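One letter stands for each residue in the lines below.
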Amino acid sequence: MSATPRIVVVGDVITDVLAVLSGPLATGSDTAAGIRFSGGGQAANTAAWLAGQGAAVTLVAAVGDDETGRERVAELTRIGVDCAVERHEGYPTGTVIVLAHDGERTMISQRGANLRLTAAHVDAALAAAPDAGHLHLSAYTLLDVGSRGAGLRALATARERGLTVSVDAASAAPLRRVGGAFLTWVRDVDLLLVNTDEATVLAGGLDPAAQARALTAVAHRVVVKRGAAGAVWVERGGVVEFAPAPGVDVVDVTGAGDAFAAGLLTAWLAGADPRAALARAGDLGALAVTTVGARPAP
């Protein structure tokens, strides 16, 4: 396989307030939990996992001009992510409260400065990365109206420069809110990643292979992430590949999809076939769920 080209990741930087609950949430009362503050955000997490595999990666994002934002950028820089991050005075760095229990996680989000990401900043960051070969976009950038222009510019500029492009569909609820417009925004991307809930929103209640096949009308390749049930890869040309998920004890699923994306991208961009790319993605996703937090262990 060839070397993985520089990957430019466009999207969000977040502070995660992660609560791993000891039992079901007792609404209106108390629930014991282990609580920690850590770096998060779909794009930042994916960039961190990419850097952890030795890939050259640039993160394009926005934070507040605050101590939290400086901490988030510093921790990413320490692990090898090149941060093209703009700071916005008067807006807080984004924060998400994550409630994790029994293999699921629920997120309560304040998008903060992520909504201020600009098309001009995206243009400047891509111009400063002439060695980039691939752009990976967190769909949160498209789903939030404040940052949508930046997300659309990232896709357009990547195509103009001849980069391959992938999009992670991000989250079912905001996808439902924007409706069919999302499929227009991501038309003809090289790779679309969706989980089962997102696939159902975008393609209806079909089986995963049929959902992926339906979505190849929009994207050249579609991967449906099925958690413990594994994943399926479908291409417009008819290639269909299934992969099981490694059997591991799940501690926290936060960031598992981001790790999966990073594993998939590094393998695929280096020339791996779909089966090998899915296997690498599954291994990294499995590693993510065995530890607390959304990033690789230091």
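These numbers were taken from a predicted model, which means no experiment stands behind them.

Draft legend 1. Quick peek at the overall build of the protein. For the protein, the count of helices and strands is 11 helices and 13 strands. Compactness check: the protein gives a C-alpha radius of gyration of 18 Å against a globular reference of 19 Å for 298 residues, within 12% of the reference. Considered along the principal axes of its C-alpha atoms, the protein spans approximately 55 × 40 × 35 Å. Here the protein holds 298 residues, and 55% of them are scored as buried. By sequence separation, contacts in the protein at least 24 residues apart represent 71% of the contacts at least 6 residues apart. On the protein, the mean spot of the 24 positive side-chain charges and the mean spot of the 30 negative ones are 4 Å from each other.

Draft legend 2. How the structure looks around helix α11 (residues 274-289). Here α11 contains 16 residues, and its C-alpha end-to-end distance of 22 Å stays within 8% of the 22 Å for a straight helix at 1.5 Å per residue. Along its buried surface, α11 packs onto α1 (42-52), β11 (221-225), β12 (231-235), β13 (240-243) and α10 (256-269).

Draft legend 3. Structural view of the sheet that holds β13. Spatial ordering of the open sheet is given by β5-β4-β1-β8-β9-β10-β11-β12-β13, a layout of nine strands whose pairing is mixed. The sheet is open, and its two edges are formed by β5 (82-88) and β13, each paired on a single side. The sheet shows a mean angle of 15 degrees between the axes of neighbouring strands, direction not considered. Where strand β1 (residues 6-10) lies against strand β8 (residues 132-138), five bridges are found, and the strand directions are parallel. Opposite Val-10, over in β8, you have Leu-137 as the bridge partner. In the packing of α1 onto the sheet, contacts are made with β1, β4 (57-64), β8 and β9 (164-168), and the angle to β4 comes to roughly 145 degrees. Against the sheet, helix α2 (residues 67-78) touches β4 and β5, its axis set at about 175 degrees to β5.

Draft legend 4. Local environment of the pairing of β11. Among the five residues that make up β11, four are buried, leaving the element largely enclosed by the rest of the structure. Direction of pairing for β11 relative to β12: antiparallel, over a ladder of five bridges. Its bridge partner being in β12, Arg-221 is matched across the sheet by Glu-235. Hairpin connection between β11 and β12: a loop of five residues separates the two successive antiparallel strands, and Gly-227 in this loop has a positive phi of roughly 65 degrees.

Draft legend 5. Looking closely at the UniProt feature "domain: Carbohydrate kinase PfkB" (unreviewed entry) in the protein. Cross-referencing UniProt, the feature "domain: Carbohydrate kinase PfkB" (unreviewed entry) maps to residues 6-295 in the present numbering. Taken end to end, residues 6-295 comprises 37% helix and 28% strand; its first and last C-alpha atoms sit 20 Å apart.

Draft legend 6. Representation of the nonpolar core. Judged by nonpolar contacts, the single largest core of 47 residues is most densely connected at Val-10, Leu-135, Val-167, Phe-182, Leu-192 and Val-194. The greatest single-element share of this core, amounting to four residues, is contributed by helix α5 (residues 148-161). If we ignore the near neighbours within four places in the chain, the residues touching Val-194 are Ala-169, Ala-199, Leu-202, Leu-215, Val-222, Val-223, Val-224 and Lys-225. Grouped together as the second largest cluster of nonpolar side chains are 42 residues, Ile-7, Trp-268, Leu-278 and Ala-281 included.

Draft legend 7. Spatial organisation of the packing of α1 against α10. Two elements in contact, α1 and α10, have axes whose closest approach is 8 Å; the angle formed by their N-to-C orientations is 50 degrees. The orientation of α1 relative to α10 falls into the category oblique. α1 and α10 meet at a crossing whose hand is right-handed. In contact with Gln-42, Asn-45, Thr-46, Trp-49 and Leu-50 of α1, α10 contributes Asp-258, Ala-259, Ala-261, Ala-262, Leu-265 and Thr-266.

Draft legend 8. Representation of the side chain of Thr-58. Looking at the element boundaries, Thr-58 is found in strand β4. Thr-58 sits in the buried class, given a relative accessible area of 8%. Residues contacting Thr-58, with those up to four places away along its chain left out, are Arg-6, Ile-7, Val-8, Val-9, Asp-82 and Ala-84.

Draft legend 9. Examining the layout of surface pockets more closely. Within this model, the second largest pocket holds a volume of roughly 340 Å³. If you trace the second largest pocket, you find 16 residues lining it, with Ile-79, Arg-295, Pro-296, Ala-297 and Pro-298 closest to the centre. A breakdown of the residues in the lining of the second largest pocket according to their chemical character gives seven nonpolar, five polar and four charged.

Draft legend 10. Geometry of empty space enclosed by the protein. A full pass over the atoms with the stated rule returns one cavity of 30 Å³ or more. By volume, the largest cavity is sized at about 40 Å³. Forming the walls of the largest cavity are Gly-11, Asp-12, Arg-111, Asn-114, Leu-117, Tyr-140, Thr-141, Asp-144 and Ser-147. Tallied by class, the residues present in the lining of the largest cavity amount to two nonpolar, four polar and three charged.

Criteria and thresholds
Residues numbered from 1 in each chain as written. Predicted model: local features only at pLDDT ≥ 70, side-chain atom pairs only at ≥ 80, totals over all residues. Heavy atoms only, no water. Helix = DSSP H or I, 4+ residues; strand = E, 2+ residues; numbered from the N terminus. Rg over C-alpha atoms; globule rule 2.2 N^0.38 Å. Buried < 20%, exposed > 50% of the residue type's maximum accessible area, 1.4 Å probe, protein only. Contact = heavy atoms within 4.5 Å. Lys, Arg positive; Asp, Glu negative; His and termini not counted. Charge placed at Lys NZ, Arg CZ, Asp CG, Glu CD. Expected span 1.5 Å × (residues − 1). Pairing = 2+ DSSP bridges. Axes fitted to C-alpha atoms, helices over the stretch in contact; angles between N-to-C directions. UniProt positions renumbered as here; feature names shortened; annotations may be inferred. Core = buried A, V, L, I, M, F, W, Y, C linked by side-chain atoms within 4.5 Å. Parallel < 35°, antiparallel > 145°, perpendicular 65-115°, else oblique. Left-handed = near helix turned anticlockwise from the far one by under 90°. 1 Å grid on protein atoms, 1.4 Å probe; cavity = no way out; pocket = protein on both sides within 12 Å on 5 of 7 lines; lining within 4 Å. Points joined across faces, edges and corners; volume = space filled by probe spheres on them. Nonpolar A, V, L, I, M, F, W, Y, C, P; charged D, E, K, R; others polar.

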